[in-house]
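# Coordinates in review
Chain residues, written in single-letter form:
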Amino acid sequence: MDEAALTEGLRAGDDKVFETLVRTYGGRMLAVARRVLHNEEDARDAVQDAFINAFRYRESFKGDALISTWLHSIVINSALMRLRARTRKAEEAIENYLPRFLPDGHYAESFASWTEPVDVSLSRKETSEMVRRAIEELPETYRTVVLLRDIEGLSTEETAQIVNTTPNAVKIRLHRGRMALRTLIAPHLAGATS
Amino acid sequence: MNCREISQFLMEYVGDTLERDVHDSFESHLTACHNCHAYLAQYRDTILAGQLACKDDDCSEVPEELVQAVLTALSKEPRS
């Protein structure tokens, strides 16, 4: 079934089309929800919420974006709503993961480029898992922005809207989140000196 | 610019959104500072590492029980 037929069926609430959408995009949506929530049950519930919302608001889909893009934004919202509903645990200060500087403005430590290309390192399952664990370790405020901007590919403005903050705050969180992630993965990657 | 100031512009530099005069000062420092050069490389590689680490997840299949749970929930939705 092509995109035009899927769009028509989606807007009409066709059961067969919705089953096709669940089977076609459900796996990717579940992956997104797992990255946000780190809990299989919550992630599955978020995907279910997302499809229910897609069904309820199907007539708002005009076909000016791909269905996959539309569903992607819906599942991100569903997952973040579930994340916000959880009891918030106290966050570790991001400052613990940021680079330190000497009074004269130089870094307090030395760095070397990683000797192995990162795509080679990441082709190993254990390295890939280490990076995913490091992302999970980031304080939530920063992790969410890193996920939405760098992994899910949303723009600064889209991210700001979803997390209910300003584009400037998103930029600050993204930069700090990336630096913190670097601190967490550097000791595990070849040639790292920090 | 010192290393601390350079670190504040890394994101704009990587995103190619630095203003021209800042960009020139940034690159001038980078040419002379091995440590900032290496930190920038690690910063870029960190972004790529995150993307590559999560790429495999997207290929995961949707479990049949989730398909059935979604379809059951959808069947209960009112039809207009």
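Everything numeric in this text was worked out from a predicted model, so none of it was measured.

Procedures and definitions
- Residues numbered from 1 in each chain as written.
- Chains lettered and ligands numbered in written order.
- Predicted model: local features only at pLDDT ≥ 70, side-chain atom pairs only at ≥ 80, totals over all residues.
- Heavy atoms only, no water.
- Helix = DSSP H or I, 4+ residues; strand = E, 2+ residues; numbered from the N terminus.
- Buried < 20%, exposed > 50% of the residue type's maximum accessible area, 1.4 Å probe, protein only.
- Areas by Shrake-Rupley, 256 points an atom, 1.4 Å probe, with all protein chains shown as cover.
- Lys, Arg positive; Asp, Glu negative; His and termini not counted.
- Charge placed at Lys NZ, Arg CZ, Asp CG, Glu CD.
- Contact = heavy atoms within 4.5 Å.
- Buried area = accessible area lost by both parts, 1.4 Å probe.
- Salt bridge = Lys/Arg side-chain N within 4 Å of Asp/Glu carboxyl O.
- Polar contact = N/O pair within 3.5 Å; in protein donor to acceptor, adjacent residues only side chain to side chain.
- Nonpolar A, V, L, I, M, F, W, Y, C, P; charged D, E, K, R; others polar.
- pLDDT = per-residue confidence, 0-100.
- Axes fitted to C-alpha atoms, helices over the stretch in contact; angles between N-to-C directions.
- Parallel < 35°, antiparallel > 145°, perpendicular 65-115°, else oblique.

### A few points about the overall build of chain B
Counting its secondary structure elements, chain B contains five helices and zero strands. When the helices and strands of chain B are placed in sequence order, the string is α-α-α-α-α. Dimensions of chain B, computed from the C-alpha atoms along their principal axes, are close to 65 × 30 × 15 Å. A buried classification covers 45% of the 80 residues belonging to chain B. On chain B, roughly 4,400 Å² of surface is accessible, and the fraction owed to carbon and sulfur atoms is 49%. For chain B, the separation between the mean place of its 6 positive charges and that of its 15 negative charges on side chains is 4 Å.

### A short note on the overall build of chain A
Looking only at helices and strands, chain A features nine helices and zero strands. Written out in order from the N terminus, the α and β elements of chain A read α-α-α-α-α-α-α-α-α. A principal-axis box enclosing the C-alpha atoms of chain A has dimensions of 65 × 35 × 30 Å. Counting across all 194 residues of chain A, residues that qualify as buried make up 47%. Relative to all contacts within chain A whose residues are 6 or more apart in sequence, the contacts with residues 24 or more apart total 67%. Averaged over its 27 positive side-chain charges, chain A has a centre that lies 2 Å from the centre of its 29 negative ones.

### Section: the interface of chain B and chain A
With 45 residues of chain B at the interface, the matching set in chain A holds 53 residues. A buried area of about 4,400 Å², summed over both sides, lies between chain B and chain A, and 62% of it is on carbon and sulfur atoms. Three residues, M11, Y39 and Q42 of chain B, lead the burial of chain B against chain A; their summed loss comes to 15% of the area buried on that side. Where chain B packs against chain A, one counts three salt bridges. Among the salt bridges present, the one from E65 of chain B reaches R44 of chain A, with a minimum N-O distance of 3.3 Å. For the pair chain B and chain A, the interface holds 16 residue pairs in polar contact (both at pLDDT 80 or more). Among the secondary structure elements, those contributing two or more residues to the side of chain B that touches chain A are α1 (3-8), α2 (10-14), α4 (34-55) and α5 (64-75) of chain B. Residue classes in the side of chain B that touches chain A are distributed as 24 nonpolar, 12 polar and nine charged.

### Here we look at helix α7 (residues 140-151) of chain A
Taken across its 12 residues, α7 of chain A has nine buried, putting it largely inside the fold. Two residues or fewer past α7 of chain A, G153 of chain A is found with a positive phi of approximately 75°.

### Quick notes on the environment of I76 of chain A
All names here are of chain A. Looking at the element boundaries, I76 is found in helix α4 (residues 67-85). Separated by 41 residues in sequence, I76 and R35 place their C-alpha atoms 9.9 Å apart. Residues in contact with I76, not counting those within four places in the same chain, are V32, L148, E152, L154 and I162.

### Section: the confidence of the model for chain B
Per-residue confidence for chain B gives a mean pLDDT of 93, with 95% of residues at or over 70. Both confidence scores are given for the complex: pTM 0.87, ipTM 0.89.

### Things to note about the packing of α7 of chain A against helix α9 (residues 167-185) of chain A
Helix-helix packing is described using two parameters, namely the angle between the two axes and the distance between the axes. Residues and elements named next belong to chain A. Running from N to C, α7 and α9 point in directions that differ by 95°, and their axes come no closer than 8 Å. As the angle between them shows, α7 and α9 are arranged roughly perpendicular. Packed against α7, whose contacting residues are T141, Y142, V145, V146, R149 and D150, the element α9 presents V170, R173, L174, R176, G177 and R178 at the interface. Across the contact of α7 with α9, the residue classes break down as five nonpolar, two polar and five charged.

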